[in-house]
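Architecture and fold: a report
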Amino acid sequence: MKLWGGRFTKEENQLVHNFNESLSFDHRFYRQDIEGSIAHVTMLARQGIVTLEDKDAIIAGLRGILADVESGKLEFTAEHEDIHSFVEANLIQRIGEAGKRLHTGRSRNDQVALDMKLYCRDEIDELDKLVKGLLGELLKIMKENLDTYMPGFTHLQKAQPITLAHHMGAYFEMFSRDRGRLKDIRKRMNTCPLGSGALAGTTYPLDRDCTTGLLGFDTPTLNSMDSVADRDYVIELLSALSTIAMHLSRFSEEIILWNSNEYQFVELDDSYSTGSSIMPQKKNPDIAELVRGKTGRVYGALVAILTTMKGLPLAYNKDMQEDKELTFDAIDTVKGCLALFTGMLSTITFKKDVMETSAKKGFTNATDAADYLVGHGVPFRDAHGIVGQLVLLCLDKGIGLDELSLEEFRQASPAFEKDIYDAISMETCVKRRITLGAPGQEAMRQVILAYEKLLD
Ligand code: ARG
């Protein structure tokens, strides 16, 4: 059944229907569509545009549809074009004449703009909960690992010793910014497009403030053409999702490296690992790899919608129907990744001894040896050169800096004294890094307090 059959003399071609329809995917926002319709008709009645009786019948009918969809009694059947047509046709079937008055002063253009916003807003809240859950897990690991030493890397080469708490703190920062982005988007998008009509508003005395309030928006939108043509919030959301996916992907890559035979910094729980069909010894990090891999489709959604919107003249164009599957898929994907990743992280075993041994190797204390010389009056550039030569000597002998004799140290520079060994011990290297944001335990404790407050 078509909402717009009046001016047509021919039946719609079946292929055209199949190509044009969106019910097969926009049925997802049946709840938001019904919520929007209830607000709309409530306002219509308050303004005297429909009678109170009709309003009550419409709302009862809409609630019936909602209940029947949720119980599975009412199915989304293919003859309807989209969720808006589906709900309206069902309403008319249920309550008759009154149902035909629901669409007064409304177009599917402002209706779909509203539904999409309501849907994205709900999903932003769900996403925020998931990111917050991940942050909680990270904070837990941080609190337990202030003294778990590991190498910090640059260029994937061992650089300086850090702690596991510090490394996890870096991800805490990233995912906190992601929450901030979600919050910003939610705030900016929270304007109500309902009442914009097809593109030029309506001639009915609609009370847009009323529907704005009923639907939990901050203000009504101020330009009816923009209201039906705007998908900026979808683009912003997909951009934020892409950034979350990118962060998860970087984290996954590290987990995969750390779980490799070469690193052995972590062991994934059996319940979050998979095996090989041929190699009996294998225990693979498929979940982390999939999370890393799914980043591609989330970026794909962002690029797709940017491309679809590019060059669209005002106001509504059917091209915009393409926003839905992309957005739904990106949201589902990122929600899935967040949940799985958090689960994987909460069951992971950190092999602290392996991490610590690794942190001690690879001259991660070379900077501290140079800093020691600076503390004894040697200019930094000279100190850098002296320690560089000592590293060469160590490489030759196959030992670490802390295994050099005092004599060897002093041959390189008389500024070395026997407290050099304490100065370049891993514990000292970390402990002395006390600037805010550094891995030293004292600095980390302050940061953890701030994170605790943030999650409260
Ligand atoms: N299914 C459409 C969409 O997703 C709803 C709006 C249809 N409006 C129209 N004028 N055909 O964009």
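To keep things clear, this report deals only with the structure shown in the data block.

Reading the values: rules and limits
Residues numbered from 1 in each chain as written. Predicted model: local features only at pLDDT ≥ 70, side-chain atom pairs only at ≥ 80, totals over all residues. Heavy atoms only, no water. Helix = DSSP H or I, 4+ residues; strand = E, 2+ residues; numbered from the N terminus. Expected span 1.5 Å × (residues − 1). Buried < 20%, exposed > 50% of the residue type's maximum accessible area, 1.4 Å probe, protein only. Contact = heavy atoms within 4.5 Å. Near = heavy atom within 4 Å. Polar contact = N/O pair within 3.5 Å; in protein donor to acceptor, adjacent residues only side chain to side chain. Areas by Shrake-Rupley, 256 points an atom, 1.4 Å probe, with all protein chains shown as cover. Nonpolar A, V, L, I, M, F, W, Y, C, P; charged D, E, K, R; others polar. Pairing = 2+ DSSP bridges.

Here's the deal with helix H5 (residues 83-95)
For H5, which comprises 13 residues, the first-to-last C-alpha distance of 18 Å matches the rise-based estimate of 18 Å (1.5 Å per residue) to within 8%. Ile 83, His 84, Ser 85, Phe 86, Val 87, Glu 88, Ala 89, Asn 90 and Leu 91 are the residues of H5 that are buried. Looking at the buried positions of H5, the neighbouring elements they touch are helix H2 (23-26), helix H3 (30-46), helix H4 (52-71) and helix H6 (108-144). Phi for Gly 96, located one or two positions after H5, is positive at around 75°.

A few points about the site of the ligand
The environment of the ligand is formed by Ser 22, Asp 26, Asp 82, His 84, Arg 108, Asn 109, Val 112, Tyr 316, Gln 321 and Lys 324. Ser 22 is positioned with one of its side-chain polar atoms (N or O) 3.0 Å from a nitrogen atom of the ligand. Within the side chain of Lys 324, an N or O atom sits 2.7 Å from an oxygen atom of the ligand. Burial of the ligand by the protein amounts to 86% of the accessible area it has alone, namely 340 Å². Top contributing element to the shell around the ligand by residue count: H6, with 3 residues. For the shell around the ligand, a count of residues per class yields 2 nonpolar, 4 polar and 4 charged.

Description of the pairing of strand S2 (residues 157-163)
As paired strands, strand S1 (residues 149-154) and S2 are joined by 6 bridges and run antiparallel to one another. Paired with Met 150 across the strands is Ile 162, a residue of S2. Connecting S1 to the antiparallel partner S2 that follows it, the hairpin turn spans 2 residues, and His 155 within it adopts a positive phi of roughly 55°.

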